Structures are given as C-alpha cells and as structure tokens.
Amino acid sequence: MNRNGNGNGIDGLIALNVEHSRLFCSPGMALARRRYRAEHPTEIGVLKCMDGRLNLPLITNTALGIIQPWRNIAGRFDLGWIAFQQSMLEWTSYAIRRGRSCLVLVTYHYSNSSDHRGCAGFKYDTQAAKAFAAKLTDDFREVFGSTVVYPIQIGVETDLDALILHGEKGEVVNLSEFFDTSEDGVARLLSRLYPSMPPQIRRDFAPLVIGNIGHVADIRMQQRPLTDAEHQEHVIAVGRGFDWLHEANKAIIVGPFDPDMRTAIVTAGKIVADNVQSGRVRADEDLVLMTAAPYRELAGPEPWLAQKKAIFLRDFALQALGEEVPDLVPKLQHFAARVNMGTRLMEVLSRSA
Ligand SMILES: [Zn+2]
C-alpha cells in the first residue's frame, strides 16, 4: 500500500467525499468555520498547478472551505481567457458585495532536491515557472489594483511543502528558513514584505503563514522520504468542486478555465500513465477519471447546469484521452458527479462500474 491508502477506485472516492461532507456539515466544524470567517473575512483564492502535490489547505493547516482553488496545468492562467475572467469577476464581486477583500495567491512550484521533481508543465524549468507567476501577479494588479483585491506571488517547494513568499520590493523569504511562529514575528515579516497590503488582508494571511511553518516542521520531523514528493497520482479529476479531496498526491485536478483544456487533460493522462509504468502507483491500484461541477442554488437551473457540465466534461475527457493516451483508457474507471457546495456532498450522475 502506498501512502495514499489502498486504491479502491470510485467507491473509495465516494466514501472519502461522504466522510468529508459529514465533517464539513458537523455543527462543531461548521460553527468553527463560521467564526473563522468572522475573524478572518478576507476571501483567499489560490491559482495553482494541477499537480497533486500542491494542496494548499493541507500545507497551511487551514480548514476546508477557507481557500478557494483554481487549477490548471503548470498554474498557467490568462486573464484573457473567457471562462477564467468570468470566474474571477464572479468571485471578486461576491466578496466585494459582502464588504470583503480578496487575497490572490499566484503560485509556482519546484523541488530543492531535483529539477525533475519540479513542474512537468513547465518542462521542469523553475525560472520559467517563477517568471510566469510574477507576470500573472502583475496582470492581476493591472486589472484589479491592489487595494481590495491583492495579488501575491508564492512559490511552493515540494520537498518540504514550504511556501516561498515574494515581497513587493523583491525580497524573497522561504518559510522553511523562518522559525518565528509568534503572531508578532509573522506580522512583522508580512508588513516588511508587503508594506502596501491592507492590514486586514495581512491579518487574514498570517494564519496560513503560521500554519505552513508548523506543517514544514512536521514534515521535517517525519523525515518524509523524497520519493513521496514525486508524482503518485492515480486519479484524474476534471472540473471544479474537488476541495473535499483533501489528500496530497492522489489526484491531478484540471480546471475548466483553459480554452485548451484538452491539452491539460491529455497531460494529466500521460502523468498518470507514467506513474503506473514507473511503479509509483501499485499495479493493482484503480485508476479513475472523475468529472464534477459544483452548484450553490438548490432551486432553478443551477443544479441542472452542473449535471450537464459534469457529463459533458466526462465525454470530452474520455474522447481526448482515447485519442491521445489510448492505452490508459481501458484501465480507467470513470464517473461524473455534481457537488452541492453547501454540504460538499457529491451526487454521482453516472459511473462506469
Ligand atoms: Zn506543476
């Protein structure tokens, strides 16, 4: 068995979702989340690579439902993409209507120990990944300003899961080398790095920083073997509504924002096929394609549109994989689902077996 647990395919994923939904809805968790949101009202979004090792809630010790993820191959996004700009506009408008600010974490990732544990989507070129994130951060600032919506560039070093904070004036701090976890120490660090960041956003970012310093200490204590920091994903997830999938290195998630989503899906398929071929995924582990779409409104067209979207994404992904990674498809179980964002419960609409 690998560290992701036994691979019991679709039923295993459904069971995982049911358990996370149960926790998400439990009075204790729901009230704690509500109080956290009252204390830390800033909406936090993260733009990240589809790489299954990048699990921001996990590596910042943050409860489910606080950080909103946007995923794409290599963390590549373009504010010109129609679906992406619409999504960002909806998210920021939602926050602003409620009097909240938005913190946008624009991420890239790399590994200290080996270039080849870096970002496959950037052909392991960390400088290119970093430059892309810097440019995207600037694009956000150009479009949204930096008062109500505040974008920052963040690196993730995946050997230790450490965040790399890029300051406004070019200073870079690797949190695996920062040990002052006191609130004052972190507040001083953030005001030095981000002097123009509104104080409320700084206060709401601080718990993620403290959480990451704690997580890195845990990883160091466990002396996690580096093989665990390599690709081991055996699930391809396409769509949105996967934040209940709170396990590192299990799934490659492809968001629906990229006009060239087909390439992203095919890349995900090739990574999973390679994980199997090189023995990083056990031979008897089930390989799964899962497509999903979220909805918030219970009445009206929204749940129906989510259903249509999940089924469309399934057919689209199966066709792309069938054409480009044909050996993988016969080994894939697949299912389509919609996710109620009020409960995070997934409703399976169709499944292969
Ligand atoms: Zn990547």
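Values in this document were obtained by computation on a predicted structure and should not be read as measured data.

### Some words on the overall build of the protein
So, step 1. Check the secondary structure of the protein and you find nine helices and eleven strands.
So, step 2. For 353 residues, the compact-globule estimate of 2.2 N^0.38 gives 20 Å, and the protein sits close to it at 19 Å.
So, step 3. Considered along the principal axes of its C-alpha atoms, the protein spans approximately 55 × 50 × 40 Å.
So, step 4. The burial tally for the protein puts 45% of its 353 residues in the buried class.
So, step 5. Taking as baseline every contact in the protein between residues at least 6 positions apart, the subset at least 24 positions apart corresponds to 69%.

### What to know about the sheet that holds strand β7 (residues 235-239)
So, step 1. Taken together, five strands build an open sheet; the order of strands is β8-β7-β9-β10-β11 and the sheet is mixed. Looking at strand neighbours, the two that pair on one side only are β8 (251-254) and β11 (345-351), the edges of this open sheet. Sheet twist, expressed as the mean angle between neighbouring strand axes with direction ignored, is 25°.
So, step 2. Pairing geometry for strand β10 (residues 332-340) and β11, over six bridges, is antiparallel. Residue pairing across strands places arginine 338 opposite glutamate 347, the latter belonging to β11.

### Some details on helix α6 (residues 183-193)
So, step 1. All of the buried residues in α6 are Val186, Leu189 and Leu190. Across the axial projection of α6, the buried residues extend over an arc of 95°, all falling on one side. Projecting away from the buried face of α6 at angles above 90 degrees are the exposed residues Asp184, Arg188 and Ser191.
So, step 2. Residues of α6 that are buried in the fold lie against β6 (172-174) and α7 (199-222).

### Regarding the pairing of strand β5 (residues 162-166)
So, step 1. Counting buried positions along β5 gives five out of five residues, so the element sits mostly inside the fold.
So, step 2. Residues Ala162, Ile164 and His166 of β5 are buried on one face, and the alternating residues Leu163 and Leu165, pointing to the opposite face, are buried as well.
So, step 3. Taking the residues that link successive antiparallel strands as the turn, the strand β4 (residues 149-157)-β5 hairpin has four residues, and the phi of aspartate 161 there is positive, at about 60°.
So, step 4. In this sheet, β6 lies alongside β5 in antiparallel orientation, the contact comprising three bridges. Within the sheet, the bridge partner assigned to leucine 165 lies in β6 and is valine 173.
So, step 5. Turn length for the β5-β6 hairpin, with the two strands adjacent in sequence and antiparallel, is five residues, and the turn residue glycine 170 shows positive phi of about 95°.

### A few points about the domain arrangement of the protein
So, step 1. As assigned here, the protein comprises domain 1 (40-227) and domain 2 (231-351).
So, step 2. Facing the 20 residues of domain 1 at the interface are 20 residues of domain 2.
So, step 3. Residue assignment for the side of domain 1 that touches domain 2 shows that the elements contributing at least two residues are α3 (56-59), β2 (67-72) and α4 (82-97).
So, step 4. Per-element accounting of the side of domain 1 that touches domain 2 gives the leading share, four residues, to β2.

### Focus on the sheet that holds β6
So, step 1. Overall, mixed pairing links the six strands, which are arranged β2-β1-β3-β4-β5-β6 in an open sheet. Only two strands of the sheet have a single partner each, and these edge strands are β2 and β6. Going from strand to strand, the sheet's axes swing by 25° on average, the running direction of each strand aside.

### Some remarks on the nonpolar core
So, step 1. Residues Leu105, Val106, Ala237, Ile252, Val254, Ala268 and Met290 are the most contacted members of the largest nonpolar core, which totals 91 residues.
So, step 2. Here this core spans two domains, and each of domain 1 (40-227) and domain 2 (231-351) adds at least three residues to it.
So, step 3. Apart from the residues lying within four places of it in its own chain, the contact partners of isoleucine 252 are Met50, Asp51, Gly52, Glu233, Ile236, Ala237, Ala268, Ile271 and Val272.

Reading guide: rules and limits
Residues numbered from 1 in each chain as written. Predicted model: local features only at pLDDT ≥ 70, side-chain atom pairs only at ≥ 80, totals over all residues. Helix = DSSP H or I, 4+ residues; strand = E, 2+ residues; numbered from the N terminus. Rg over C-alpha atoms; globule rule 2.2 N^0.38 Å. Buried ≥ 20, exposed ≤ 12 C-beta atoms within 10 Å, placed from the backbone. Contact = placed C-beta atoms within 7 Å. Pairing = 2+ DSSP bridges. Axes fitted to C-alpha atoms, helices over the stretch in contact; angles between N-to-C directions. Arc of directions from axis to C-beta. Domains from an automatic or database assignment. Core = buried A, V, L, I, M, F, W, Y, C linked by C-beta atoms within 7 Å.

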